[in-house]
Amino acid sequence: MGGDAGQDDVLTVLPGINDDNARHTCREDDMSGAHNGQVLECRGLRKVFGDLVAVDDVGFEIAEGETYGLLGPNGAGKTTSISMVCGLLERDAGEVFVDGDALTTRSVAPKRSIGYVPQELAIYPDLTARENLTFFARLYGLSGGELKARVDEVLTVIGLSDRANDTTDEFSGGMKRRLNIGIGLLHKPHLLVLDEPTVGVDPQSRNAILESVEQLSTQGMAVLYTTHYMEEAERLCDRVGIIDHGKIVAEGTRRELVELVGQKDRVRLLASGDLEGAVNATRDLDYVLEVAAREGGLDFIVECAADNLTALLGRLSSAELAITSVDVDEPNLEAVFLHLTGRALRD
């Protein structure tokens, strides 16, 4: 795998097939087994390979319907962490609970709640998409009409219904990735774990994968998503844990993480008319930290432009001003990572 240092060859398993007892039963749609609303709870995870501390005191929680991102460069400890979360790799320390049940490498029941989608493809190239899904659905214990209905549902979710009867050796890299995700969805897991699912795919396929993931949290599924792409974490994740050298160095919503940097949103207006009057009309607004007139428009530094831009433009509508364009520049997670680690995310 193109994953984390020290354990690239550890994970060569099929999605969701995490132990010798491979015939899992399909779970119900409801999330009644969750513990205090948390589908996943892990704390104090540690793994050492020789002299390398790959994961050091990592912990986080994921609630029903939440997408949690582990964001960090290659070798940061993402794959090692999720391998312990899924019970695929023996941990040196720490605890993992799925739906309130303790999980170890020897657990059976908690693993039935997990759909694991590894970086490496686990599909059969000489089978069609439908045949691949049917094969894995049978391993999960599905049969008859339930099996067929679930395979059709998954083909729709991953956008491959029109290619269901084509052999997968004809698929693009992105289509194979989507099928890989579909296999992890067959048994309706409470927790879906995706390890860098867009690596090596073209932009169009990447967007299709991201759209599929976006749908899952709206259906009540908890999603653990690892990536080294800042824009993916910002688009998909309700909360993000930034991981570097085996440690989570910060965690929170995008807004909470950006506030760590101390940068604010910048709003630039191209406008003509009474610019000084517009400055005076907006200077007293609580969320406007700075405002200045310049040739051709106005520059603002504001708190949370996403929440306050409409009100700001409303105040400006009372001024004698003709606005031709609005540009908002928000700090991103790349800036946060640079601030916390002293290096760029993809260094």
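Residues numbered from 1 in each chain as written. Predicted model: local features only at pLDDT ≥ 70, side-chain atom pairs only at ≥ 80, totals over all residues. Heavy atoms only, no water.

Okay, a nonpolar patch on the surface next. Nonpolar side chains collect at one region of the surface, where Val249, Leu260 and Leu340 lie side by side and expose about 220 Å² of accessible area between them. Along the chain, Val249 falls in strand β10 (residues 247-252). The partly exposed category is assigned to Val249, whose relative accessible area is 38%. (Patch = residues over 30% accessible without salt bridge, like charges linked within 9 Å, V, L, I, M, F, W, Y side chains within 5 Å. Areas by Shrake-Rupley, 256 points an atom, 1.4 Å probe, with all protein chains shown as cover. Salt bridge = Lys/Arg side-chain N within 4 Å of Asp/Glu carboxyl O. Helix = DSSP H or I, 4+ residues; strand = E, 2+ residues; numbered from the N terminus. Buried < 20%, exposed > 50% of the residue type's maximum accessible area, 1.4 Å probe, protein only.)

Residue alternation in strand β6 (residues 114-117) divides its side chains into two sets, Ile114 and Tyr116 and Gly115 and Val117, and both sets are buried. Of the strand pairs in this sheet, β6 and strand β7 (residues 191-195) are connected by 4 bridges, and their pairing is parallel. Bridge pairing in β7 places Tyr116 opposite Val193. (Pairing = 2+ DSSP bridges.)

A few words now on the sheet that holds strand β14 (residues 321-329). As summarised here, the arrangement of the 4 strands in space is β12-β13-β11-β14, forming an open sheet in which the pairing is antiparallel. Pairing within the sheet leaves two strands with one partner each, and these edge strands are β12 (288-294) and β14. Mean inter-strand twist for the sheet, computed between neighbouring axes without regard to direction, equals 20 degrees. (Axes fitted to C-alpha atoms, helices over the stretch in contact; angles between N-to-C directions.)

The subject of this paragraph is unusual backbone geometry. Phi at Asp57 is positive, roughly 60 degrees, even though this residue is not glycine. Relative to the helices and strands, Asp57 resides in strand β2 (residues 52-63). For Cys304, which is not a glycine, the phi torsion comes out positive at approximately 45 degrees. As for its placement among the helices and strands, Cys304 is situated in the loop between β13 (297-302) and α9 (305-316). Take Cys304: its relative accessible area is 18%, and that puts it in the buried class.

Here the focus is the sheet that holds strand β8 (residues 222-227). Backbone-to-backbone hydrogen bonds pair the strands of a sheet. The strands run either parallel or antiparallel. Overall, mixed pairing links the 6 strands, which are arranged β6-β7-β8-β3-β9-β10 in an open sheet. Each edge of the open sheet is held by one strand with a lone partner, namely β6 and β10. Across the sheet, the mean angle from the axis of one strand to that of its neighbour is 15 degrees, orientation sign disregarded. Sheet analysis places β7 next to β8, joined by 5 bridges and oriented parallel.

Moving on, we come to the pairing of strand β9 (residues 239-244). Counting buried positions along β9 yields 5 of 6 residues, so the element is predominantly enclosed. Bridging between strand β3 (residues 67-71) and β9 involves 4 bridges; their strand directions are parallel. Looking across to β9, one finds that Gly69 is bridged to Val240. Of the strand pairs in this sheet, β9 and β10 are connected by 5 bridges, and their pairing is antiparallel. Looking at β10, one finds that Ile242 is bridged to Ala250.

Okay, the packing of helix α4 (residues 173-185) against helix α5 (residues 203-218) next. Helices that pack against each other are described as a pair by the angle of their axes relative to one another and the distance between those axes. Axis separation between α4 and α5 bottoms out at 8 Å; the angle between their running directions is 20 degrees. By the angle between their axes, α4 is roughly parallel relative to α5. Considering the relative orientation of α4 and α5, their crossing is right-handed. Along the contact surface, α4 presents Gly174, Arg177, Arg178, Ile181 and Leu185, while α5 presents Ser205, Ala208, Ile209 and Leu216. Residues of the contact of α4 with α5, tallied by class, amount to 5 nonpolar, 2 polar and 2 charged. (Parallel < 35°, antiparallel > 145°, perpendicular 65-115°, else oblique. Left-handed = near helix turned anticlockwise from the far one by under 90°. Contact = heavy atoms within 4.5 Å. Nonpolar A, V, L, I, M, F, W, Y, C, P; charged D, E, K, R; others polar.)

Okay, the packing of aromatic side chains next. Where two aromatic rings form a pair, the distance of their centres and the angle of their planes describe that pair. According to the stated counting rule, one finds 4 aromatic pairs in the structure shown. Measuring from centroid to centroid gives 5.2 Å for Phe135 and Phe136, while their planes differ by 80 degrees, and the two rings are edge-to-face. Aromatic ring contacts, followed pair by pair, group Tyr124, Phe135 and Phe136 into a single cluster. Just above the ring of Tyr229 sits the side chain of Arg206; from NZ or CZ to the centre is 4.5 Å. (Phe/Tyr/Trp six-rings, centres within 6.5 Å; stacked < 30°, edge-to-face > 60°. Lys NZ or Arg CZ within 6 Å of the ring centre and 35° of its normal.)

In this section: the side chain of Thr226. By the element assignment, Thr226 lies in strand β8. Among the polar contacts listed, one links the side chain of Thr226 to the backbone nitrogen of Glu196, at a separation of 3.0 Å. Apart from the residues within four sequence positions on either side, Thr226 is in contact with Leu70, Lys78, Ile82, Leu194, Asp195, Glu196 and Pro197. (Polar contact = N/O pair within 3.5 Å; in protein donor to acceptor, adjacent residues only side chain to side chain.)

Turning our eyes to something else, we now look at a negative patch on the surface. Taken together, the side chains of Asp126, Glu131, Asp169 and Glu170 define an acidic patch exposed on the protein surface. Summarising the element assignment, Asp169 is placed in the loop between α3 (144-157) and α4. (Lys, Arg positive; Asp, Glu negative; His and termini not counted. Charge placed at Lys NZ, Arg CZ, Asp CG, Glu CD.)

Running from N to C, helix α2 (residues 129-139) and α3 cross one another at 130 degrees; their axes reach a closest spacing of 10 Å. Taken as axis vectors, α2 and α3 run oblique relative to one another. As for the relative orientation of α2 and α3, their crossing is right-handed in sense. In this structure, α2 contributes Ala129, Arg130, Leu133, Thr134, Ala137 and Arg138 to the contact, and α3 contributes Leu147, Val151, Asp152, Val154 and Leu155.

Turning to the nonpolar core, a few remarks are in order. Formed by 48 residues in total, the largest nonpolar core has its most connected members in Leu133, Leu185, Leu186, Leu194, Val240 and Leu333. The contact partners of Val240, leaving out residues within four places of it in the chain, are Tyr68, Gly69, Leu71, Ala233, Ala250, Glu251, Gly252, Leu257 and Leu333. In terms of nonpolar packing, the next biggest core, distinct from the first, is built from 27 residues, Leu40, Leu70, Ala76 and Ile82 among them. (Core = buried A, V, L, I, M, F, W, Y, C linked by side-chain atoms within 4.5 Å.)

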